[in-house]
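Residue-level listing of the chains:
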Amino acid sequence: MVMKADIFKILEKEYIQKLFEEKKNFYFPSFKNKKISKIEIERTSPDWAQRTCLARYKIFFSDGSFKIIRGTTKVDGSKKWSYKIMKHLYESGFSKGRFLVPRPLDYVEETGLFIYEEAQGEPLSLILEKNQYSPKFSQEIAKFLFKIHSLKNIKFKKKALIFDLEDYLKTYKRIKKIFPRLVNFFPLKKIHLIQRLEEESSFIHADFYTGNLIIQENKIILIDFDKMGFGPILYDLASFCSCFEFPKSIWPVSLAKEDIKKYQHVFLKSYTEMVGWNLLKLKYILNKYLAKVFLNALNYYTGLAHEGWPVLRKEEKKAYFIRIRGLLEKINQYLKKYESFIHRF
């Protein structure tokens, strides 16, 4: 456990200057003959966040060159896990080729600071927003995910961070408290349908969405490994498919229904061809996982609304109401599809 006060040391110029000066040759071996001339520190986490702190460091060297480094820490010390995972992936073939992860630099015990090189490129989510997405992306992302799921000899035994029944009951109580008009839309009696995730498991990312995929020319860089661990493969597939149809109140991307179906179909078809699964059956079972992905998003947004409720303005509360209503509609939509499937078989 890292002391709460210590996580904000990563924003202090003196502390960061000393850290990078002392470990310059270790962090940047090709810069051994260059001196650090200046470091710019930018806090990238919101000011109200007290249990986590994110920073961006722009490190200038004596010859005018610079490096951009990301830093992240949390009071529970959990960023050590993210460091271990990224390091393992980096050393397992994701440091070169088309499918990459950022280069991890260090985990500093004193402040729980995990630092790594910033992924240069454009988030896939932004490419979607700019209407520049194509089915080719779906094919390549499927290949990347298959490579992740095919990893062997993994020495970590940690489970992927996926919300469970206890979390959902807490969400139900929060909705009942702050948005009582929506409580009847919460599928309390159907939660059991998505609690048993018995399909094939592997080492999964558990947050595999377009915002965590960076496009750099013909390369794809995967980021954010906080939730990674062993879990159901289909959860990653559902996470990616869900990106194309989040409620517009959360992500206002305009996609035609036929394009959504096409992008999802190409992604799933590409993946199933590599593993030898039945595509039609997969699509039916995936409804359960899509419901779970949207339920996890509901858990997140309800938590934010509940935490900030005393200080939220009227229009902010209304915005949360609309987001949560939209997520409930998605959850019920996919639960209905999954129920139809299990009744048929």
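Structure: above.
Now for a description of the structure that goes with this document. Per chain, residue numbering runs from 1 following the sequence as it is written. Given that this is a predicted model, residues contribute local features only at a pLDDT of at least 70 and side-chain atom pairs are listed and counted only at 80 or more, while totals for whole chains, interfaces and linings are drawn from all residues. Water and hydrogen atoms were dropped before computing side-chain values, which therefore reflect all heavy atoms in the structure.

## Here's the deal with the overall build of the protein
Point 1. Here a helix means four or more residues in a row that DSSP labels H or I, a strand means two or more in a row labelled E, and each is numbered from the N terminus. Of regular secondary structure, the protein possesses 10 helices and 11 strands.
Point 2. Considering only C-alpha atoms, the protein reaches an extent of 70 × 50 × 40 Å along its principal axes.
Point 3. Among the 345 residues that make up the protein, the fraction classed as buried is 50%.
Point 4. Whether two residues touch is decided by their heavy atoms; if any such pair falls within 4.5 Å, the residues are in contact. If you take every contact in the protein between residues at least 6 apart in sequence, the share linking residues at least 24 apart comes to 72%.
Point 5. With residues, only the protein chains shown are counted as cover, and all accessible areas are computed by Shrake-Rupley using a 1.4 Å probe. Summed over its atoms, the accessible surface of the protein is roughly 18,000 Å², and 51% of this surface lies on carbon and sulfur atoms.
Point 6. The charged-residue count follows a simple rule in which Lys and Arg add positive charge and Asp and Glu add negative charge, with His and chain termini not counted at all. Think of each charge as sitting on NZ of Lys, CZ of Arg, CG of Asp or CD of Glu. For the protein, the centre of its 63 positive side-chain charges and the centre of its 39 negative side-chain charges are spaced 4 Å apart. Buried means the residue's accessible area, taken with a 1.4 Å probe over protein chains only, is under 20% of the maximum for its type, while exposed means over 50%, and partly exposed covers the values in between.

## Considering the packing of helix α6 (residues 165-178) against helix α9 (residues 279-308)
Point 1. Axis definition: a line fitted to C-alpha atoms, over the contacting stretch in the case of helices. Angles run 0 to 180 degrees between N-to-C directions. At a closest axis distance of 9 Å, the pairing of α6 and α9 adopts a crossing angle of 50°. Accordingly, the angle class assigned to the pair α6 and α9 is oblique. Crossing angle aside, the handedness with which α6 passes α9 is left-handed. Every residue of α9 that contacts α6 at D167, Y168, T171, R174, I175, K177 and I178 is listed here: K292, L295, N296, L298, N299, T302, G303, A305 and H306.
Point 2. In terms of residue class, the contact of α6 with α9 is made up of six nonpolar, six polar and four charged. Small angles under 35 degrees read as roughly parallel and large ones over 145 as roughly antiparallel, with 65 to 115 read as roughly perpendicular and the rest as oblique. Crossing handedness is defined as follows: a turn of the near helix away from the far one that is anticlockwise and smaller than a right angle gives a left-handed crossing, while the clockwise case is right-handed. Note that Gly is not counted as nonpolar here; it falls among the polar residues with everything else outside the nonpolar set of Ala, Val, Leu, Ile, Met, Phe, Trp, Tyr, Cys and Pro and the charged set of Asp, Glu, Lys and Arg.

## Here's the deal with the sheet that holds strand β10 (residues 219-222)
Across a sheet, strands are paired by hydrogen bonds formed along the backbone, either parallel or antiparallel in direction.
Point 1. Two strands pair if DSSP finds at least two bridges between them. Read from one edge to the other, the open sheet built from four strands follows the order β4-β10-β9-β7, with strand pairing classed as mixed. Single-partner strands in this sheet number two, and they are β4 (99-100) and β7 (122-123).
Point 2. Across two bridges, the pairing between β7 and strand β9 (residues 213-216) is antiparallel. Within β9, the position partnered with E122 by the bridge is I215.
Point 3. Docked against the sheet, helix α5 (residues 135-149) engages β4, β9 and β10, running at close to 50° with respect to β10.

## A look at the state of the cysteines
Point 1. When two cysteine sulfur atoms lie within 2.5 Å, the pair is treated as a disulfide. As enumerated under the stated definition, the model contains zero disulfides in all.
Point 2. Of all cysteine sulfurs in the structure, the one in C243 sits closest to C241, which takes part in no disulfide; the separation is 8.5 Å.
Point 3. The class of C241 is buried, set by a relative accessible area of 2%.

## Quick word on the environment of P135
Point 1. Within the secondary structure layout, P135 lies in helix α5.
Point 2. According to the relative accessible area criterion, P135 is partly exposed, its value standing at 28%.
Point 3. Spatially, the C-alpha atom of P135 lies 9.0 Å from that of D259, the residues being 124 residues apart in sequence.
Point 4. Those residues in contact with P135 that lie beyond four places of it in its chain are K262, Y263 and V266.

## Describing the pattern of salt bridges
Point 1. Salt bridge, as used here: a side-chain nitrogen of Lys or Arg that lies within 4 Å of a carboxyl oxygen of Asp or Glu. Enumeration according to the criterion identifies 21 salt bridges in this entry.
Point 2. Between K67 and E117 there is a salt bridge, with the nearest N and O atoms lying 3.6 Å from each other. Residue K67 is located in strand β3 (residues 66-74), and its partner E117 is located in strand β6 (residues 113-117); the two are separated by 50 residues in the primary sequence.
Point 3. For the salt bridge of K87 with E91, the shortest nitrogen-to-oxygen distance reads 2.9 Å.
Point 4. Assessed through its relative accessible area of 56%, E91 is described here as exposed.
Point 5. Connected through shared salt-bridge partners, R98, K136, E140 and K143 make up one network.

## Let's talk about the packing of aromatic side chains
Point 1. Aromatic pairs are defined between Phe, Tyr and Trp rings, using the six-membered ring for Trp, whenever the two ring centres lie within 6.5 Å; interplanar angles under 30 degrees are classed as stacked, those over 60 as edge-to-face, and all others as tilted. What the rule picks out here adds up to 29 aromatic pairs.
Point 2. Here Y133 and F137 contribute two aromatic rings whose centre-to-centre distance is 5.3 Å and whose plane-to-plane angle is 35°, an arrangement assigned as tilted.
Point 3. Of the residues examined, Y133 reaches a relative accessible area of 7% and is grouped as buried.
Point 4. Their ring planes at 45° and their centres at 5.6 Å tell us that F244 and Y263 sit as a pair that is tilted. Residue F244 is located in the loop between α7 (233-242) and α8 (257-275), and its partner Y263 is located in helix α8; the two are separated by 19 residues in the primary sequence. Pair check on accessibility: F244 and Y263 agree, each one buried.
Point 5. Joined through ring pairs, the aromatic side chains of F20, F26, Y27, F28, F31, Y57 and F61 make up one cluster.
Point 6. Both a distance and an angle decide whether a charge sits over a ring: NZ of Lys or CZ of Arg must be within 6 Å of the ring centre and within 35 degrees of the ring normal. A cation sits over an aromatic face here: K38 above F60, 4.7 Å from the ring centre.
Point 7. Of note, K317 hangs over the ring of W309, and the distance from its end group to the ring centre comes to 4.4 Å.

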